[in-house]
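Results of the structural survey
Here is what each chain is made of, one letter per residue.
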Amino acid sequence: MTLASTDPNQLRILAALLAMPEDDALDALRDMRPQAPWLEPSLPELERIPLEHWQAEHTRLFISAYPKLPCPPYESAYRQGTMVGVSASELADLYRRAGLQAMDVPADYLGTLLECAAYLKETGRDELLRELTEEHLALWVPRFARDLVDHARLDFYRTLGRQIGALIPESPDHE
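Criteria and cut-off values
- Residues numbered from 1 in each chain as written.
- Predicted model: local features only at pLDDT ≥ 70, side-chain atom pairs only at ≥ 80, totals over all residues.
- Heavy atoms only, no water.
- Helix = DSSP H or I, 4+ residues; strand = E, 2+ residues; numbered from the N terminus.
- Rg over C-alpha atoms; globule rule 2.2 N^0.38 Å.
- Buried < 20%, exposed > 50% of the residue type's maximum accessible area, 1.4 Å probe, protein only.
- Contact = heavy atoms within 4.5 Å.
- Areas by Shrake-Rupley, 256 points an atom, 1.4 Å probe, with all protein chains shown as cover.
- Lys, Arg positive; Asp, Glu negative; His and termini not counted.
- Charge placed at Lys NZ, Arg CZ, Asp CG, Glu CD.
- Phe/Tyr/Trp six-rings, centres within 6.5 Å; stacked < 30°, edge-to-face > 60°.
- Core = buried A, V, L, I, M, F, W, Y, C linked by side-chain atoms within 4.5 Å.
- Patch = residues over 30% accessible without salt bridge, like charges linked within 9 Å, V, L, I, M, F, W, Y side chains within 5 Å.
- Salt bridge = Lys/Arg side-chain N within 4 Å of Asp/Glu carboxyl O.

Attention now goes to the overall build of the chain. When helices and strands are tallied, the chain shows 9 helices and 0 strands. For the chain, the succession of helices and strands along the chain, N to C, is α-α-α-α-α-α-α-α-α. Here the chain has a C-alpha radius of gyration of 16 Å; the compact-globule value for 175 residues is 16 Å, and the two agree. Dimensions along the principal axes, computed over C-alpha positions, put the chain at roughly 45 × 40 × 35 Å. Counting every position in the chain, which comprises 175 residues, the buried fraction comes to 48%. Once local pairs closer than 6 in sequence are excluded, the contacts in the chain between residues at least 24 apart make up 64%. When the accessible surface of the chain is totalled, it reaches about 8,800 Å², and 51% of it is carbon and sulfur. Taking the average location of the 17 positive side-chain charges in the chain and that of its 29 negative ones, the two points are 3 Å from each other.

Okay, the packing of aromatic side chains next. By the definition in use, this model includes 8 aromatic pairs. Ring geometry for Y74 against Y109: centres 5.6 Å apart, planes inclined by 45 degrees, an arrangement best described as tilted. With Y74 in the loop between helix 4 (51-63) and helix 5 (75-79) and Y109 in the loop between helix 6 (86-98) and helix 7 (110-122), this residue pair connects regions lying 35 residues apart in the sequence. Here Y74 and Y109 have matching classes, each one buried.

We now examine unusual backbone geometry. Positive phi values are uncommon outside glycine, yet D104 reaches one of about 65 degrees. Tracing the backbone shows D104 in the loop between helix 6 and helix 7. Taking the relative accessible area as the measure of exposure, D104 reaches 83% and is therefore exposed.

What follows is about the nonpolar core. Counting 54 residues, the largest nonpolar core has L132, F144 and Y157 as its most contacted members. The dominant element in this core, judged by the number of residues it contributes, is helix 8 (residues 126-151), at 10 residues.

As for its placement among the helices and strands, E57 is situated in helix 4. Discounting residues that sit within four places of it in the chain, E57 has contacts with H151, A152, R153, L154 and Y157.

What follows concerns the environment of P169. Mapping P169 onto the fold places it in the segment after helix 9 (155-167). Its relative accessible area of 54% is what places P169 among the exposed residues. For the pair P169 and P142, spaced 27 residues apart in sequence, the C-alpha separation works out to 6.6 Å. Beyond its immediate sequence surroundings of up to four residues, P169 is in contact with T2 and P142.

On the surface, a cluster of negative charge is made up of E22, D23, D24 and E52. Along the polypeptide, D24 turns up in the loop between helix 1 (8-17) and helix 2 (25-32).

Counting across every chain of the model gives 12 salt bridges. D27 is paired through a salt bridge with R30; the nearest N and O atoms lie 2.9 Å apart. Within this pair, D27 and its partner R30 are both found in helix 2, separated by 3 residues, close to a single helical turn. With a closest N to O distance of 2.5 Å, E75 and R79 form a salt bridge. Pair noted here: E75 and R79 are both in helix 5, with a separation of 4 residues, about one helical turn.

Printed below as a string of structure tokens:
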């Protein structure tokens, strides 16, 4: 699986799995199984733990951890070492050119980028998809995915990291 060969619905599933788990999260995962069978091995672990533990792991990985956030799902954090950096502005411009706008989240949030990639694939906007991939995703997502695999305490997030990492194979010139 690479970004070029990934079905837009798979990109949307990956984007959704980056969100904070809510009360219906297990049911949602069960519903995703036909389209994402790779989720199956992670379900028993999530069924055994309280939702609060799953939410705490999500928070620790993506939102707030001391002394350092292990996997901030934002391009600016990886590329500029800050939140809402230059990357966010560049992506907001790319979204405008695609007729889109990031709502309620920074433009460089990985879930938003994956949703945008799905839209660009569906609408045949190959040039913008190439720009999104080469000038944004390829420059940080392999490292994010590796960090997620390395730092996650739940198998669910390690598996998610491997799936995201498979979208854009790591290249030595992007380290």
